[in-house]
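Spelled out, the chains give:
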Amino acid sequence: RCCADSRRHSSILYSILRSEQRAVPPAGQRPRRGQAPRSCPCGSRRRVALRSPQVACKAASAVLVKTLRFVQNVPCFQELPLEEQLLLVRSCWAPLLVLGLAQDRVHLETVESAEPSMLQRILTTRRHGEQPPPRAPAPGRLHHGPGGPHLPSAGEIQAIKGFLAKCWSLDISTKEYAYLKGTVLFNPDLPGLQCTQYIEGLQREAQQALNEHVILIHRGDEARFAKLNVVLSLLRSVNANVIAELFFRPIIGAVNMDDMLLEMLCAKL
């Protein structure tokens, strides 16, 4: 049943704030200033891995639990049919997770992987008369071939680090993170949604609440709302496959995020 005509108990302003945990960022963690020097584009294709996967993966797992708890506690989200809820969560869990990493100021330390380059693979397979290496997996799909996991490239990791640095440079508040998450969560453009108008209204309310908050708190910064919307635009490039491979494969192996998200969404977190 579509709930576009149902009456909500409160506005998205109250709903999002009610569900957001006001966690204090860990002490001693500050974003690094300065931009990375330009380098050969070939370097951005190098494969990298987390320097301390257990630490980073544990932090990401905690952020995922907090993110889904946030989603579950939004009354407007709970009014949606379960099918609609799953569609929304499956499409936005990765951007929401990256927003959560920024909010908790989780730093990513990576090292270059010993994974052989594409040229080395081609030369090796031709020498042994084997088939050439398969193409890279399509975005959003996990690689489960015999060659092992599809490690993220340096360019993909740098994009995530750049997003985190952008958020930290803006010193985004708890309320602003909540409104940003609401805008990301309620995406009316997803194929298969039935309550499109209702979800579009929720996204519009989240944006309006963000704008009103910025006007109230940052009176002298007329460009802040636009800067926060730039943050939202950067989230469109977040690849769920990269996030899953980086943070969840090292601790739980082959990742089926749909199954895991369904189980977590239906659980009492």
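Residues numbered from 1 in each chain as written. Predicted model: local features only at pLDDT ≥ 70, side-chain atom pairs only at ≥ 80, totals over all residues. Heavy atoms only, no water.

An unreviewed UniProt entry lists the chain under the name Nuclear receptor subfamily 0 group B member 1, with Podargus strigoides as the source organism. Per UniProt, the chain has the following entry under Sequence similarities (unreviewed entry): "Belongs to the nuclear hormone receptor family. NR0 subfamily." The annotation that UniProt attaches to the chain under Subunit (unreviewed entry) is "Homodimer. Interacts with NR5A1, NR5A2, NR0B2 and with COPS2. Interacts with ESRRB; represses ESRRB activity at the GATA6 promoter." (UniProt positions renumbered as here; feature names shortened; annotations may be inferred.)

Caption draft 1: Spatial organisation of the overall build of the chain. The helix and strand inventory of the chain stands at 12 helices and two strands. The linear arrangement of helices and strands in the chain, starting from the amino end, is α-β-α-α-α-β-α-α-α-α-α-α-α-α. Scored against the burial criterion, the 269 residues of the chain give a buried share of 40%. Long-range contacts, defined here as pairs at least 24 residues apart, represent 84% of the contacts in the chain between residues at least 6 apart. (Helix = DSSP H or I, 4+ residues; strand = E, 2+ residues; numbered from the N terminus. Buried < 20%, exposed > 50% of the residue type's maximum accessible area, 1.4 Å probe, protein only. Contact = heavy atoms within 4.5 Å.)

Caption draft 2: Broad picture of the packing of aromatic side chains. This structure, assessed with the given rule, holds one aromatic pair. Here the guanidinium or amino end of Lys-181 rests over the ring plane of Phe-70, the centre of that ring lying 5.3 Å away. (Phe/Tyr/Trp six-rings, centres within 6.5 Å; stacked < 30°, edge-to-face > 60°. Lys NZ or Arg CZ within 6 Å of the ring centre and 35° of its normal.)

Caption draft 3: Expanded view of the pattern of salt bridges. Summed over the entire model, instances satisfying the criterion amount to five salt bridges. Close ionic contact of Asp-104 with Lys-66 constitutes a salt bridge, the shortest N to O distance being 2.9 Å. Of this pair, Asp-104 sits in the loop between helix H4 (82–103) and strand S2 (110–112) while Lys-66 sits in helix H2 (residues 53–72); the two residues are 38 residues apart in sequence, bridging distant segments of the chain. Of the residues examined, Lys-66 reaches a relative accessible area of 28% and is grouped as partly exposed. (Salt bridge = Lys/Arg side-chain N within 4 Å of Asp/Glu carboxyl O.)

Caption draft 4: Layout of H4. The end-to-end C-alpha separation of H4 is 28 Å, well short of the 32 Å expected for 22 residues at 1.5 Å each. The largest bend in H4 is about 55 degrees, located at Cys-92, with the proline Pro-95 one to four residues further on. Of all 22 residues making up H4, 17 are buried, and the element is well covered by its neighbours. Looking one or two residues past H4, Arg-105 carries a phi angle of roughly 55 degrees, positive in sign. (Expected span 1.5 Å × (residues − 1). Bend = angle between axes of the 7 residues up to and from the residue.)

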